[in-house]
Amino acid sequence: MHQLSAHTVRLLSSAQVVASVLNVVKELTENALDADATAIDVKLENFGLERIEVRDNGIGIRAEDAPVMGVRHFTSKISSHEDLETLQTYGFRGEALGSICAVAEVTVTTKTKDDDVSVQYSLDSSGNIVSQKPSHLGQGTTVSVQRLFRNLPVRRQLYSSSKKCREELRRIQEVLTAFAIVKPELRILIFGRFNSFSSNHSVHSRP
Ligand code: ADP
Ligand code: MG
């Protein structure tokens, strides 16, 4: 027997947390809701395999928090396990962004109400910031996830046929519709550019 390298352990455990396009969309949408977003746009390129982008108009991420946003087990939502008793958020493990970084290329563009301009951060596979530049986006956060599972052929295999991709898209629409039903004041839109067909779906919820 021998011990797996830290890199392999990280990749395997991240692939458990983030096992599908649906997982990524759900985690990013939950982060948007935890940030008090009232409008969320989800864009999928090639069923999300090429790119998943979730944009929100929530509170944004402060510059001092940005260096740890993608580092596993960093969260702004709880300080210790006692806080779980009064939990009001979807997320609290601080695992989603970091795990997504291990299995895809991630950029996060964000602006709080106190910032003059938004900043686009590029993260590496460990969730650390490798570069940053100013951006034109307004208040809120946009997470862009490119080339999901490029380093995990087993996971990519799940999307080997157009039928499987369409099934996943249907599940994504169901989950987003469920969020829209639970939060009537929320507007969620889903846009798609697909290889085999092209369409814009909208999941609206307005009182
Ligand atoms: P968790 O949601 O369990 O805290 P994540 O890895 O999903 O962990 O996110 C890490 C942290 O990054 C969050 O605690 C939050 O502070 C910040 N964050 C992530 N996405 C957003 C977003 N859309 N808007 C504001 N803050 C965000
Ligand atoms: Mg989260």
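Note: the structure precedes this text.
Residues numbered from 1 in each chain as written. Chains lettered and ligands numbered in written order. Predicted model: local features only at pLDDT ≥ 70, side-chain atom pairs only at ≥ 80, totals over all residues. Heavy atoms only, no water.

K.L.:
Sorry, what's going on with the pairing of strand S2 (residues 51-56) here?
P.N.:
Along any regular strand, the residues point their side chains to alternate faces of the sheet. The element S2 is largely enclosed, with a buried count of 5 among its 6 residues. Bridge analysis of strand S1 (residues 39-45) against S2 gives 6 bridges, and the strand direction is antiparallel. Within the sheet, the bridge partner assigned to Lys-43 lies in S2 and is Glu-53. Turn length for the S1-S2 hairpin, with the two strands adjacent in sequence and antiparallel, is 5 residues, and the turn residue Asn-46 shows positive phi of about 50°. (Buried < 20%, exposed > 50% of the residue type's maximum accessible area, 1.4 Å probe, protein only. Helix = DSSP H or I, 4+ residues; strand = E, 2+ residues; numbered from the N terminus. Pairing = 2+ DSSP bridges.)

K.L.:
Just checking my understanding: could you explain the packing of aromatic side chains for this structure?
P.N.:
By convention here, two paired aromatic rings are described through the distance between centres and the angle between planes. Throughout the structure, instances matching the rule amount to 1 aromatic pair. With 5.7 Å between their ring centres and 90° between their planes, Tyr-90 and Phe-179 make a pair best called edge-to-face. Of this pair, Tyr-90 sits in the loop between helix H3 (66-69) and helix H4 (96-103) while Phe-179 sits in helix H6 (residues 162-182), and the two are 89 residues apart along the sequence. One cation-aromatic arrangement involves Lys-43 over Phe-191; the distance from NZ or CZ to the ring centre is 6.0 Å. (Phe/Tyr/Trp six-rings, centres within 6.5 Å; stacked < 30°, edge-to-face > 60°. Lys NZ or Arg CZ within 6 Å of the ring centre and 35° of its normal.)

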